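Examining the three-dimensional arrangement
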2 protein chains.
Amino acid sequence: MSTDATDIHAAIRAAYDVFESTFARGDAAGMAALYTSNGMLLPTGTGMISGSQAIQDFWQGAMDMGVATAKIDIAEVSGHADVVVDVGHYTLGAANGDVMDNGKYIVIWRNENGRWKLHRDIWNSNTADAG
Amino acid sequence: MSTDATDIHAAIRAAYDVFESTFARGDAAGMAALYTSNGMLLPTGTGMISGSQAIQDFWQGAMDMGVATAKIDIAEVSGHADVVVDVGHYTLGAANGDVMDNGKYIVIWRNENGRWKLHRDIWNSNTADAG
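Description of the structure in this document. (Residues numbered from 1 in each chain as written. Chains lettered and ligands numbered in written order. Predicted model: local features only at pLDDT ≥ 70, side-chain atom pairs only at ≥ 80, totals over all residues. Heavy atoms only, no water.)

**Structural notes on the pattern of salt bridges**
Using the following cut-off: Salt bridge, as used here, is a side-chain nitrogen of Lys or Arg placed within 4 Å of a carboxyl oxygen of Asp or Glu. Numbering goes from the N terminus for both helices and strands, where a helix is a DSSP run of H or I of at least four residues and a strand is a run of E of at least two. Exposure classes here rest on a 1.4 Å probe applied to the protein chains alone. A residue is buried below 20% of its type maximum, exposed above 50%, and partly exposed in between.
In this structure the tally under the stated criterion is 10 salt bridges over all chains. Across the pair B:E76 and A:R120 runs a salt bridge, and its minimum N-O distance is 2.5 Å. One end of the pair, B:E76, is in strand β3 (residues 69–79); the other, A:R120, is in strand β6 (residues 115–125), on a second chain. B:E76 gets classed as partly exposed once you look at its relative accessible area, which sits at 28%. For A:R120, a relative accessible area of 5% corresponds to the buried category. Between B:R25 and B:D27 there is a salt bridge, and its shortest N-O distance comes to 3.1 Å. With relative accessibility at 24%, the residue B:D27 sits in the partly exposed group. Put simply, A:R13, A:D17 and A:E20 are held in one network by salt bridges that share partners.

**Structural notes on the interface of chain B and chain A**
Our working rule: Contact criterion: two residues are considered in contact whenever any of their non-hydrogen atoms come within 4.5 Å of each other. For this classification, the nonpolar set comprises Ala, Val, Leu, Ile, Met, Phe, Trp, Tyr, Cys and Pro, the charged set comprises Asp, Glu, Lys and Arg, and every other residue, Gly included, is treated as polar.
Taken residue by residue, the interface counts 30 residues in chain B and 30 residues in chain A. At the boundary of chain B with chain A, the tally comes to two salt bridges. Split by residue class, the side of chain B that touches chain A holds 12 nonpolar, 13 polar and five charged.

**Considerations on unusual backbone geometry**
Notably, A:N113 is not glycine yet its phi reads approximately 55 degrees, a positive angle. Along the chain, the position of A:N113 falls in the loop between β5 (99–112) and β6.

**Details of the sheet that holds strand β4 (residues 84–93) of chain B**
Whenever strands of a sheet pair, they do so through backbone hydrogen bonds, lying parallel or antiparallel. Residue and element names in this part refer to chain B. Which entries qualify depends on this criterion: Pairing between strands requires that DSSP locate at least two bridges from one strand to the other. Angles shown run from 0 to 180 degrees and are taken between the N-to-C directions of axes, each axis being a line fitted to C-alpha atoms and, for helices, limited to the stretch in contact.
Taken together, the six strands give an open sheet; going across it, the order is β2-β1-β6-β5-β4-β3, and neighbouring strands pair in mixed fashion. On the outer flanks of this sheet lie β2 (49–50) and β3, each paired with one strand and no other. As paired elements, strand β1 (residues 35–42) and β2 share two bridges and run antiparallel to each other. Looking at β2, one finds that M40 is bridged to S50. The sheet strands contacting helix α1 (residues 5–24) are β1, β3, β4, β5 (99–112) and β6 (115–125), and the helix crosses β3 at an angle near 165 degrees. Docked against the sheet, helix α3 (residues 52–64) engages β1, β2 and β6, running at close to 50 degrees with respect to β1.

**Details of helix α3 (residues 52–64) of chain A**
Residues and elements named next belong to chain A. Note the cut-off: Multiplying 1.5 Å by the residue count of a helix minus one yields the expected span of that helix.
Over its 13 residues, α3 extends 18 Å from the first C-alpha to the last, a length consistent with the 18 Å expected when each residue adds 1.5 Å. Elements in contact with the buried residues of α3: α1 (5–24), α2 (28–32), β1 (35–42), β2 (49–50) and β6. G66, located one to two residues past α3, shows a positive phi value of around 105 degrees.

**Some details on the sheet that holds β1(A)**
Residue and element names in this part refer to chain A. Read from one edge of the open sheet, six strands run β2-β1-β6-β5-β4-β3, paired in mixed fashion. Looking at the sheet topology across the chains shown, the edges are occupied by β2 and β3 (69–79). With 10 bridges connecting them, β3 and strand β4 (residues 84–93) associate as antiparallel partners. If you follow T69 over to β4, its bridge partner there is G93. The strands touched by α1 within the sheet are β1, β3, β4, β5 and β6, with β3 carrying the most contacts at an inclination of about 165 degrees. Sheet strands touched by α3: β1, β2 and β6. Its angle to β1, the strand with the most contacts, is close to 50 degrees.

**Regarding the relation of the copies chain B and chain A**
To keep it simple, the criterion reads: A least-squares superposition brings the copies together, and it is based on the C-alpha atoms of residues with pLDDT no lower than 70 in both.
Take chain B, turn it by 180 degrees, move it 0.0 Å along the axis, and it overlays chain A with an RMSD of 0.0 Å. Between the two chains, the operation in question is that of a two-fold axis. When C-alpha positions in chain B are compared against the rotation axis, the closest is assigned to B:N124, at 3.1 Å. The share of interface residues of chain B whose copies in chain A are also at the interface is 100%, consistent with both copies meeting through the same surface.

What is shown is where atoms sit, not what they do.
Here it is in structure tokens:
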């Protein structure tokens, strides 16, 4: 596998494209499959969330709350073939296009069976009162 | 520099020991000096905070709000000599020992002039109503 920085950035962007399209079709199980088998979410308001079923349940909960889209803007990507981390901004939208929340995140990626997957995913809102 | 995983874990733990002691003596300028020259904080309730003066002001604000201690428990460290990232839990305490907040974090580290410094620092609370 190439460790060229441009290639890694493109690979992570491609993974987020799938993330965004999976979210937009309301596929919570598909979201969970984008994480490593021992992946973890670190959301505000709860402890660490581990494992595919819990990750699926979390994203299903967000969809049930009316979050229809999750857009990711990468600010920077760093790392090597086996440990990649990126920093960026997210925007959560309702079905009518209203912005429900925006904030920033750091994701640690692992390559699992030749596919880049989210391994650790932490984010927080830019506004104090949003989830 | 050794890239042995045990050495890196020990180096990051040592950096957090300084982080904790610097915080405990209320030295906000010293806190800022633990970050890279282009370091960034990603706290809940605001956008990304860049640069030494802004980082100093942020930590001074936390101290002024009564946060007297910041304890760090590393859960895992990964990476190489030039890109290291760790995941863990934090606990913020008042001067009387009361826990003010706890949560989780991811920090991206850079080695700057032979010293490990926090480069990107994001965290959020385990409780929805804490800062």
